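What the coordinates show
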Amino acid sequence: VISNWLATTCHADGQPLTDAVADGAHPLANMLYQQTIAGQWGMSNPAGTDKFTIQHVDYTRARSASFYGDAWVVEDALL
């Protein structure tokens, strides 16, 4: 969903993602990521083997929809 959000947002702005920028050199995609979810969501230790997230939720034990309350709305994404 994240890559789809970035792809559709960049495409709608006339700056589509292409294989040529697969190395992370797309200025709009980088700016969108940095201004929204960078450092706000994900694993606390991406290189580790633990289950700790920045959101302080162990999704491997999530049994209620309320555990996913930190999920963000992705505006205008085409899935």
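In what follows, the structure referred to is the one given above.
This section reports on the structure supplied with the text.

Conventions used here
- The numbering scheme is per chain: residues are counted from 1 as the chain's sequence reads.
- Confidence filtering applies because this is a predicted model: local features only for residues at pLDDT of at least 70, side-chain atom pairs given and counted only at 80 or more, and all residues used for totals across whole chains, interfaces and linings.
- For the side-chain quantities, the full set of heavy atoms in the structure was used; hydrogens and water were omitted.
- A pair is scored as a salt bridge if a Lys or Arg side-chain nitrogen falls within 4 Å of a carboxyl oxygen belonging to Asp or Glu.
- Using a 1.4 Å probe on the protein chains alone, a residue whose accessible area is under 20% of its type maximum counts as buried, one over 50% counts as exposed, and one in between counts as partly exposed.
- Take the buried Ala, Val, Leu, Ile, Met, Phe, Trp, Tyr and Cys residues and link them wherever side-chain atoms come within 4.5 Å; each set so joined is a nonpolar core.
- Per the convention used, a helix needs a DSSP run of H or I reaching at least four residues, while a strand needs a run of E reaching at least two, with both numbered from the N terminus.
- Residue contacts are counted whenever heavy atoms from the two residues lie within 4.5 Å of one another.
- The arc refers to the directions leading from the helix axis to the C-beta atoms.
- Polar contacts here mean pairs of N or O atoms no more than 3.5 Å apart (in protein, one a potential hydrogen donor and the other a potential acceptor; neighbouring residues in sequence count only if both atoms are side-chain atoms).

1. Structural notes on the pattern of salt bridges
In total, this model carries one salt bridge according to the counting rule given. One salt bridge connects Arg61 with Asp58, and the closest N-O pair in it is separated by 3.4 Å. The class for Arg61 is exposed, based on a relative accessible area of 57%.

2. A closer look at the nonpolar core
Grouped together as the largest cluster of nonpolar side chains are six residues: Trp5, Leu6, Cys10, Leu28, Ala29 and Leu32. Every element with two or more residues in this core is listed here: helix H1 (2-12) and helix H2 (27-36). Residues within four places of Leu32 in sequence aside, it is in contact with Trp5, Leu6, Thr9 and Cys10.

3. A word on unusual backbone geometry
One non-glycine residue, His56, lies in the positive phi region at around 65 degrees. Within the element layout of this structure, His56 appears in the segment after H2.

4. Some remarks on H2
Among the residues of H2, those classed as buried are Leu28, Ala29 and Leu32. Considered in projection along H2, the buried side chains sweep an arc of 100 degrees and stay on one side of the axis. Opposite the packed face of H2, turned more than 90 degrees from it, sit the exposed residues Pro27 and Gln34.

5. Some remarks on the side chain of Gln55
Residue placement: Gln55 occurs in the segment after H2. Within the structure, the side chain of Gln55 is placed 3.0 Å from the backbone nitrogen of Gly42, a separation counted as a polar contact.

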